[in-house]
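Each chain, written out:
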Amino acid sequence: STDEEGIKKLLKQKTIGYIGFDCTSDSLHVGSLLPLMLLRNFQKHGHKPIILVGGGTTLIGDPSGKDETRKILSVEDINKNKKKLKAIFTKFLSFDKNEENCAELVDNYEWLGKLSLIEFLRKIGSKFSVNKMLSLESTKQRLSRQQNLSFLEFNYSIFQAYDFMILNQKYNCSIQFGGSDQWGNIVSGIELVKKEINQQVYGLTTPLITSSSGKKMGKTADGAVWLSENKFSVNDFWQYWRNTSDDDVIRFLKLFTEIDLEEIDKYKNLKGAELNEIKVLLANEITKLCHGLMKSQQ
């Protein structure tokens, strides 16, 4: 986080925070589950979550964590993906307008699509140091491996920073959440908001979740574990969590379910058949969140 004490103080009052999701696919995979759970908890405690879909930034492509340029999608494909993603977000967050802290779904194409290049470069580009941009992890990795980094992608962190500034101005959004690979982009946004409108905002990232064996979560022999039923069956999804290794069960219960921590702590010394029952509980709870009750659970 950028300022742990400042964030604790901020969260003592009702606040507004956001996470951005680019529309590079028509689904999210379990790697996005932790940020979604973070936003869900944020809303449950009275705060207002904003989901920013990157209708604009997807046209550029985020170089973070990528060895090569992402495929550039058409506006039509991006819009299709955006609709599919909204169906996932509604499972985790309440968009009920009758609630004061209802979730908002915002598309950054709304403002990025209207930008004039020269005006943007003069007003916003002048606030960024190329030296600093070259030190961002996403840029450094590509350059050190002598892999191509297009000028288009190089601008990505500026646009993400600009998003934070717009959300702060329009919604009084004070904190951005994201995966740890977004750290450089989040810090860029905080610095821009400070320079341009002299507001104090914050950033908090979630770590990349790996299994106890060190493997990145969300991959199987057949590919990614998607959150959409049409890309990964509900039964396979349930089985994926049922097959969690013994060393990961308690940690995953804490991260991915809403069972009380005191209750989870009662399970930490279980072994064998008893622990297998807890794996079933883990699979049931996560599947219920993502897909509703399975027939076997009803």
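Residues numbered from 1 in each chain as written. Predicted model: local features only at pLDDT ≥ 70, side-chain atom pairs only at ≥ 80, totals over all residues. Heavy atoms only, no water.

**Focus: the side chain of R40**
Along the polypeptide, R40 turns up in helix α2 (residues 33-44). Taking relative accessible area as the criterion, R40 reaches 19% and is therefore assigned buried. A distance of 2.7 Å separates the side chain of R40 from the side chain of E258, its partner in a polar contact. The contacts of R40, once residues within four sequence positions are left out, are K91, F92, L93, E258 and L289. (Helix = DSSP H or I, 4+ residues; strand = E, 2+ residues; numbered from the N terminus. Buried < 20%, exposed > 50% of the residue type's maximum accessible area, 1.4 Å probe, protein only. Polar contact = N/O pair within 3.5 Å; in protein donor to acceptor, adjacent residues only side chain to side chain. Contact = heavy atoms within 4.5 Å.)

**Re the confidence of the model for the protein chain**
Averaged over all residues, the pLDDT of the protein chain is 90; the fraction at 70 or higher stands at 94%. The secondary-structure element of the protein chain with the lowest mean pLDDT is strand β6 (residues 219-220), recorded at 67, while helix α1 (residues 4-10) shows the highest, at 97. (pLDDT = per-residue confidence, 0-100.)

**A closer look at the environment of K215**
The residue K215 is located in the loop between β5 (202-206) and β6 in this model. Contacts of K215, omitting those with residues within four sequence positions, involve I209 and T210.

**Side note on the pattern of salt bridges**
Pairing is possible between side chains of opposite charge, provided their charged atoms come close. Scanning the entire structure with this criterion turns up 19 salt bridges. A salt bridge links E258 to R40; the nearest nitrogen and oxygen atoms lie 2.7 Å apart. In this pair, E258 sits in the loop between α12 (249-256) and α13 (261-265) while R40 sits in helix α2, placing the two residues 218 residues apart along the sequence. Among the ionic pairs, E76 bridges to K80, the shortest N-O distance being 3.9 Å. Here K80 and E76 lie together in helix α3 (residues 75-92), a separation of 4 residues that amounts to about one turn. Accessibility expressed as a relative area gives 54% for E76, which makes it exposed. (Salt bridge = Lys/Arg side-chain N within 4 Å of Asp/Glu carboxyl O.)

**Regarding the packing of α2 against α3**
One can describe the packing of α2 onto α3 by two numbers: an axis separation of 9 Å at closest approach and a directional angle of 50°. Considering their axes alone, α2 and α3 lie oblique with respect to each other. Crossing hand, α2 versus α3: right-handed. In contact with L33, L36, M37 and R40 of α2, α3 contributes I88, F89, K91 and F92. (Axes fitted to C-alpha atoms, helices over the stretch in contact; angles between N-to-C directions. Parallel < 35°, antiparallel > 145°, perpendicular 65-115°, else oblique. Left-handed = near helix turned anticlockwise from the far one by under 90°.)

**Some thoughts on the sheet that holds strand β4 (residues 175-179)**
With parallel pairing, the 5 strands of this open sheet are ordered in space as β3-β2-β1-β4-β5. The open sheet is flanked by β3 (104-107) and β5, the only strands paired with a single partner. Averaged over all pairs of adjacent strands, the angle between strand axes in this sheet comes to 25°, irrespective of strand direction. Strand direction decides the pairing type here: β4 and β5, joined by 5 bridges, are parallel. Residue pairing for β5: I175 is matched across the bridge by Y202. Its contacts with the sheet place α2 against β1 (16-22), β2 (48-54), β4 and β5, and it is angled at close to 145° to β2. (Pairing = 2+ DSSP bridges.)

**Quick look at the state of the cysteines**
This structure, assessed with the given rule, holds 0 disulfides. With no disulfide partner, C23 has as its closest neighbouring cysteine sulfur the one in C173, 18 Å distant. Of the residues examined, C23 reaches a relative accessible area of 0% and is grouped as buried. With no disulfide of its own, C102 has C173 as its nearest cysteine by sulfur position, at a separation of 14 Å. For C102, a relative accessible area of 4% translates into the label buried. (Disulfide = S-S within 2.5 Å.)

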